[in-house]
Amino acid sequence: LEQEGTPIVRHAFQTNCTRIVERGILDHWLAQEAQESGAHYQFGVTVKRIANGRGATSSGEYEAPIVIGADGRNSIVGRMSQLARPSGHCGRVAWQAFIDLPSLGDHVHMNVFSEGYYGINRIDSTRTNITLVLFAEAKVRPEEIAHRYLPGASYQSWKSVHPISRRSWEVTNGRSWLVGDAARILEPLTGEGIYSAIATAEMASHHILSIEKVGVDVAAANYRRQHRGFYGSRTLVNSTVRWALEDSLRSTRIMNALKRWPSLVGHMVEWVQSPEKSHLRLAKG
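Report on the accompanying structure. All values derive from a computational prediction rather than experimental measurement.

Here we come to the overall build of the chain. Counting secondary structure elements, the chain contains nine helices and 13 strands. Contacts spanning at least 24 positions in sequence make up 69% of the contacts within the chain whose residues lie at least 6 apart.

As a further point, take empty space enclosed by the protein. Taken as a whole and assessed by the stated rule, the structure comprises two cavities of 30 Å³ or more. The computed volume of the second largest cavity comes to approximately 60 Å³. Lining the second largest cavity we find twelve residues, and of these Val112, Phe113, Gly116, Phe135 and Leu245 sit closest to its centre. Secondary-structure elements contributing two or more residues to the lining of the second largest cavity are strand E8 (109-113), strand E9 (116-122), strand E10 (127-135) and helix H7 (248-260). Split by residue class, the lining of the second largest cavity holds six nonpolar, four polar and two charged.

Using the criterion set out here, one finds seven salt bridges in the structure. Residues Arg73 and Asp181 are paired through a salt bridge, measuring 3.3 Å at the closest nitrogen-oxygen approach. On the criterion of sequence distance, the pair formed by Arg73 in the loop between strand E6 (67-69) and helix H2 (76-80) and Asp181 in the loop between strand E13 (176-178) and helix H4 (193-209) is long-range, its members being 108 residues apart. The exposure class of Arg73 is buried, given its relative accessible area of 17%. Residue Asp181 is classed as partly exposed on the basis of its relative accessible area, which comes to 25%. Among the ionic pairs, Arg148 bridges to Glu115, the shortest N-O distance being 2.9 Å.

Turning to helix H1 (residues 23-36), a few remarks are in order. With 14 residues, H1 should reach 20 Å at 1.5 Å per residue; the first-to-last C-alpha distance of 20 Å fits that figure. Gly38 lies just past H1 and shows a positive phi near 110 degrees.

Moving on, we get to unusual backbone geometry. For Gln82, which is not glycine, the phi dihedral falls at a positive 65 degrees. Looking at the secondary structure, you find Gln82 in the loop between H2 and strand E7 (92-100). Gln82 gets classed as exposed once you look at its relative accessible area, which sits at 66%.

What follows covers the sheet that holds strand E5 (residues 60-63). The strands that make up a sheet are held in pairs by hydrogen bonds between backbone atoms, and each pair lies either parallel or antiparallel. The sheet built from three strands is open, its strands ordered E3-E4-E5 with antiparallel pairing. Looking along the sheet, the strands with just one partner apiece sit at the ends: strand E3 (47-51) and E5. Taken pair by pair, the neighbouring strands of this sheet meet at an average axis angle of 15 degrees, ignoring direction.

Before going further, it helps to examine the pairing of E7. For E7 and E10, the ladder comprises nine bridges, and the chain directions are antiparallel. The residue bridging Asp100 from the neighbouring strand is Arg127, located in E10. With two bridges connecting them, E7 and strand E11 (residues 154-155) associate as antiparallel partners. Residue pairing across strands places Asp100 opposite Ser154, the latter belonging to E11.

This next bit is on helix H3 (residues 142-149). For an α-helix the count is 3.6 residues per turn, leaving residues at separations of three or four pointing the same way. Along H3, the residues that are buried comprise Pro142, Ile145, Ala146 and Tyr149. On an axial view of H3, the arc spanned by its buried residues comes to 100 degrees, and they lie on one face. Packing partners of the buried residues in H3 comprise E7, E8, E9 and E10.

On to the nonpolar core. Counting 23 residues, the largest nonpolar core has Trp177, Leu178, Ile211 and Tyr223 as the members making the most contacts within it. Only E13, H4 and helix H6 (216-245) provide two or more residues apiece to this core. Here this core takes five residues from H6, the largest share from any one element. If you look at the next biggest cluster of nonpolar residues, it comprises 17 residues, including Ala97, Ile130, Leu132 and Ala153.

About the criteria used
- Residues numbered from 1 in each chain as written.
- Predicted model: local features only at pLDDT ≥ 70, side-chain atom pairs only at ≥ 80, totals over all residues.
- Heavy atoms only, no water.
- Helix = DSSP H or I, 4+ residues; strand = E, 2+ residues; numbered from the N terminus.
- Contact = heavy atoms within 4.5 Å.
- 1 Å grid on protein atoms, 1.4 Å probe; cavity = no way out; pocket = protein on both sides within 12 Å on 5 of 7 lines; lining within 4 Å.
- Points joined across faces, edges and corners; volume = space filled by probe spheres on them.
- Nonpolar A, V, L, I, M, F, W, Y, C, P; charged D, E, K, R; others polar.
- Salt bridge = Lys/Arg side-chain N within 4 Å of Asp/Glu carboxyl O.
- Buried < 20%, exposed > 50% of the residue type's maximum accessible area, 1.4 Å probe, protein only.
- Expected span 1.5 Å × (residues − 1).
- Pairing = 2+ DSSP bridges.
- Axes fitted to C-alpha atoms, helices over the stretch in contact; angles between N-to-C directions.
- Arc of directions from axis to C-beta.
- Core = buried A, V, L, I, M, F, W, Y, C linked by side-chain atoms within 4.5 Å.

Okay, structure coming up:
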């Protein structure tokens, strides 16, 4: 953990519980597994309307007992199914890119600075993933931040993501179910978005398969309850981190405190990153 490029805290994981996989590789593997299980893919299709299990797309009309929205923070399924809630204003924008940075080493680096923060982690021997969050009013481009703190690094084009925080949406109305970021967004600093997406998808599948036995209303209620439990501690940590980072003076004071009590970072990291707690919740369902 760094402040304005100066190291503050270094933490070593007690267990080797973290894996980094390039998103394209993961997506390809998931698609293959789904197709081998009988899923039918249609690429380049636009969703035009969803209501009560009926959907109209650019390739035709469809009807299904359950429609699952796994389409991210700006979920079309969620909006068209009336599951969206007013989000309010988000004054931050996230940027992501792959950079060539052979000198990084095998550590994950977090840097907090006046305009925002970034995290970087190794993908292979040369390429590194960087996720950068900037205050909208900072009027600074991601290229400027990369040049300031990572001089000499070459990068590909930047992709932007917005919003990076909003109120959680309703997760189901019986016919439409939301998983991953479509239902709830976590602060990128502690989010583990892919893990949450896969875990909630598994959770939703379990309850959807129970509909024939318990009925759709009971299955939906069970999913809502388990979904809230899954995000319980994560929401607390994320809200605290977001509060700490939304004000530059506040974040500076907190970073100064962490210099005196670096073990606090270690406890938070282990709490957030530990997969056993989530698996335990999922198993108890």
